[in-house]
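The residues making up each chain are set out below.
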Amino acid sequence: MNLYKSWGFQDNPFATVALEANEEGEKLLIGRDIEMSKIHRRIFLRPKCVTIEGYNGVGKTSLVNVAIYKLYKEFVDKNINQLFIPNPTVFQLSQDLPTNDFIDKVYYSIAQLILKEYTLIKRLGVLFENISVVENFLNTYQLHSLQGGIASVSFGESIELNGSHAFNLSGFRKIVDAWLDVLYKKKSGIVCIIDNVELVQTSKNAKHQLEYLRDELLTKKGLRWVLCGASGIILGCTSSPRLTGILHNPIEVKGFRNDEISREIFRSRINYYKIEKQGPLDVSRQTYLPINQHGFVILLSILSGNIRHALYYAGEFSLWCADNEYRPETNIEKRKLLGDWLRMYSEELGKAFDVSVSPKGKRFFLSACKLERSFSYSEHKALGFNSTQDMRNYVSELENLELLQSIRTEEDKRRRLIQLTPKGMILYVIGLNEE
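The model shown is predicted, which means the values in this text are computed figures rather than measured ones.

Thresholds applied
Residues numbered from 1 in each chain as written. Predicted model: local features only at pLDDT ≥ 70, side-chain atom pairs only at ≥ 80, totals over all residues. Heavy atoms only, no water. Buried < 20%, exposed > 50% of the residue type's maximum accessible area, 1.4 Å probe, protein only. Helix = DSSP H or I, 4+ residues; strand = E, 2+ residues; numbered from the N terminus. Pairing = 2+ DSSP bridges. 1 Å grid on protein atoms, 1.4 Å probe; cavity = no way out; pocket = protein on both sides within 12 Å on 5 of 7 lines; lining within 4 Å. Points joined across faces, edges and corners; volume = space filled by probe spheres on them. pLDDT = per-residue confidence, 0-100. Contact = heavy atoms within 4.5 Å. Expected span 1.5 Å × (residues − 1). Polar contact = N/O pair within 3.5 Å; in protein donor to acceptor, adjacent residues only side chain to side chain. Axes fitted to C-alpha atoms, helices over the stretch in contact; angles between N-to-C directions. Phe/Tyr/Trp six-rings, centres within 6.5 Å; stacked < 30°, edge-to-face > 60°. Lys NZ or Arg CZ within 6 Å of the ring centre and 35° of its normal.

1. Focus: the pairing of strand β6 (residues 223-229)
For β6, the tally of buried residues reaches 7 of 7 residues, placing the bulk of the element in the interior. By the alternation rule, side chains of β6 split into Leu223, Trp225, Leu227 and Gly229 and Arg224, Val226 and Cys228, which are all buried. Both strand β5 (residues 189-194) and β6 contribute to a ladder of 5 bridges, which runs parallel. Note that in β6 the partner of Cys192 across the bridge is Trp225.

2. Side note on unusual backbone geometry
Cis geometry is adopted by the peptide bond preceding Pro47, which originates at Arg46 and carries an omega value of 10°. With respect to the secondary-structure elements, Pro47 resides in the loop between α3 (33-43) and β1 (50-53). The residue Lys187 is not glycine, and still its phi comes out positive at about 55°. Relative to the helices and strands, Lys187 resides in the loop between α8 (169-185) and β5.

3. So, the layout of surface pockets
Computed from the structure, the largest pocket encloses a volume of approximately 620 Å³. What lines the largest pocket is a set of 27 residues, and nearest its centre among them are Tyr55, Arg257, Ser304, Glu372 and Arg373. Among the elements of the structure, α13 (293-302), α16 (359-371), β9 (418-420) and α18 (422-431) are those that each provide at least two residues to the lining of the largest pocket. Looking at which element gives the most residues to the lining of the largest pocket, the answer is α18, with 3 residues. Estimates place the volume of the second largest pocket at around 360 Å³. Contributing to the lining of the second largest pocket are 24 residues, with Ala18, Gly57, Gly59, Lys60 and Ser62 lying nearest its centre. Listed by contribution, the elements that provide at least two residues to the lining of the second largest pocket are α4 (60-76), α12 (259-273) and α14 (307-323).

4. Some remarks on the confidence of the model for the protein chain
Residue-level pLDDT values for the protein chain average 85, and 86% of them are 70 or greater. Mean pLDDT values over the elements of the protein chain span from 40, in strand β4 (residues 158-159), up to 97, in α14. Within the model, the stretch residues 142-166 combines pLDDT values under 50 with 60 contacts to residues more than four positions away or in other chains. Ignoring residues within four places in sequence, the model shows residues 409-415, a span with pLDDT below 50, making 19 contacts including any to other chains.

5. Considerations on α14
In this model α14 runs 24 Å from its N-terminal to its C-terminal C-alpha over 17 residues, within 8% of the 24 Å that 1.5 Å per residue would give. Along α14, the residues classified as buried are Ile307, His309, Ala310, Leu311, Tyr313, Ala314, Gly315, Phe317, Ser318, Trp320 and Cys321. Where α14 is buried, its residues contact α1 (3-6), α12, α13, α15 (331-356) and α18. At the N-terminal boundary of α14, the capping side chain belongs to Asn306, with an oxygen 3.2 Å from the backbone nitrogen of Arg308. Two residues or fewer after α14 comes Glu325, characterised by a positive phi angle close to 55°.

6. Side note on the side chain of Ser358
Relative to the helices and strands, Ser358 resides in the loop between α15 and α16. Reaching out from Ser358, the side chain makes a polar contact with the side chain of Glu397 at a distance of 3.1 Å.

7. Observations concerning the sheet that holds strand β2 (residues 84-91)
Pairing is parallel in the open sheet, where 5 strands are placed in the order β2-β5-β6-β1-β7. Every interior strand has two partners, whereas the edge strands, β2 and β7 (251-252), have only one. The pairing of β1 with β6 spans 4 bridges and is parallel. Pairing of Glu53 across the sheet is with Gly229, part of β6. Set on the sheet, α4 makes contact with β1, β2, β5 and β6; between it and β2 the angle comes to about 155°.

8. Let's talk about the packing of aromatic side chains
Here the structure, examined in full by the defined rule, presents 23 aromatic pairs. Ring geometry for Tyr312 and Tyr313: centres 4.9 Å apart, planes at 85°, overall edge-to-face. Owing to a relative accessible area of 5%, Tyr313 belongs among the buried residues under this scheme. Seen in terms of ring centroids, Trp320 and Tyr326 are 5.1 Å apart; in terms of plane orientation they differ by 55°. Their pairing is tilted. When its relative accessible area of 19% is taken as the criterion, Trp320 is described as buried. Since its relative accessible area comes to 39%, Tyr326 is described here as partly exposed. Members of the aromatic cluster, connected to one another through ring pairs, are Tyr312, Tyr313, Phe317, Trp320, Tyr326, Trp341 and Tyr345. Directly above the aromatic system of Phe256 lies the positively charged group of Arg32, at a separation of 4.1 Å from the ring centroid. Above the ring of Tyr288, the side-chain terminus of Arg327 is found at 3.8 Å from the ring centroid.

So, in structure tokens, the structure goes:
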């Protein structure tokens with residue numbers, strides 16, 4: 001039986017997936033009003049792309065999804081006359097993915113989205129003729145096997161497609177460009193996200209890929225782009241002459257440090273996922289969780305306000321309680337059991353730490369923890385090392401135990417790209433600080 005259903009919930013309230021651009025995401029996003037306002041201001045300032053930086057798991061993608069959904073909803077509710085449609089496909093750069101394939105996927109997703117939202121788009125006073133022709137084309141066509149002539153396209157507020165022609169890739173892109181141009185003239189557009197920019201390993205590689213995409217996608221009329229990445233990666237890209245004019249300075253998304261917001265995050269998830277009565281004769285289901293608001297606040301505090309990490313460990317603790325048939329009822333019992341579980345978890349981490357980490361590596365780890373922030377190799381002297389290479393050896397030692405994580409940056413060593421992992425935070429706060 002589903003564990004959380006047996007506790008009175010429709011689904012796992014501690015799911016760590018990003019919130020989507022829909023009503024559910026809007027209800028579950030808490031405490032991001034300031035960052036959301038910053039995104040909204042920048043969306044209207046074309047051609048610059050919105051950029052977001054922050055630690056993995058801090059909630060960047062959720063924030064962007066919900067922020068764009070709110071703009072979309074404003075048009076639906078007729079509060080604004082500009083339509084911004086969130087693209088549900090989140091794109092990622094990859095060193096292994098050919099750039100042309102990436103562009104094809106973007107165009108394909110945009111065309112599908114325009115067809116899906118065409119009824120709403122018509123409220124802008126525009127008309128795309130022969131929509132059914134394009135719909136049939138997209139449903140039957142494989143992008144990499146297109147052959148045939150280029151469809152005729154007339155630019156303007158009405159687009160005519162010659163249904164007698166087969167489409168080729170160039171023609172397909174021209175059609176989508178024409179539609180986007182219509183949206184642009186109405187000061188509207190499709191909002192697309194490039195997430196996890198750090199996956200390309202270095203800001204140098206990210207910069208090269210974004211420079212290539214600059215004219216092909218990033219400055220395309222009718223598109224609004226939001227780029228999300230780890231701290232330092234996006235900022236490093238803004239130093240490129242070709243990107244400086246089209247990238248806003250990054251909006252920094254930090255972890256939550258406010259206990260009331262932390263409690264509200266917990267309450268919102270419990271209220272959203274609990275099973276409601278279906279009718280007057282239905283028996284009300286009582287909800288239960290082995291962790292309470294206070295315990296969730298503790299997890300968020302230990303994990304530097306990182307909501308994904310806190311949700312993950314709240315779920316792991318709940319599963320551990322179920323596996324061991326523990327059912328704490330009172331707040332005191334729940335708090336004590338969570339503390340016991342955290343100590344046991346940190347003890348396991350501590351055993352590996354004692355055996356696998358050298359004395360200098362242990363001193364380095366403690367110094368890194370006391371910084372209470374991310375740091376870079378350029379700070380090697382302050383952390384007790386004679387050179388960056390010397391420091392790299394101990395970073396690797398701690399990365400092997402998943403206590404630190406870093407992003408390699410050959411060209412921008414000043415960036416703050418080394419940070420504690422959730423395991424490192426728990427070991428330091430619960431294990432080493434209690435010794």
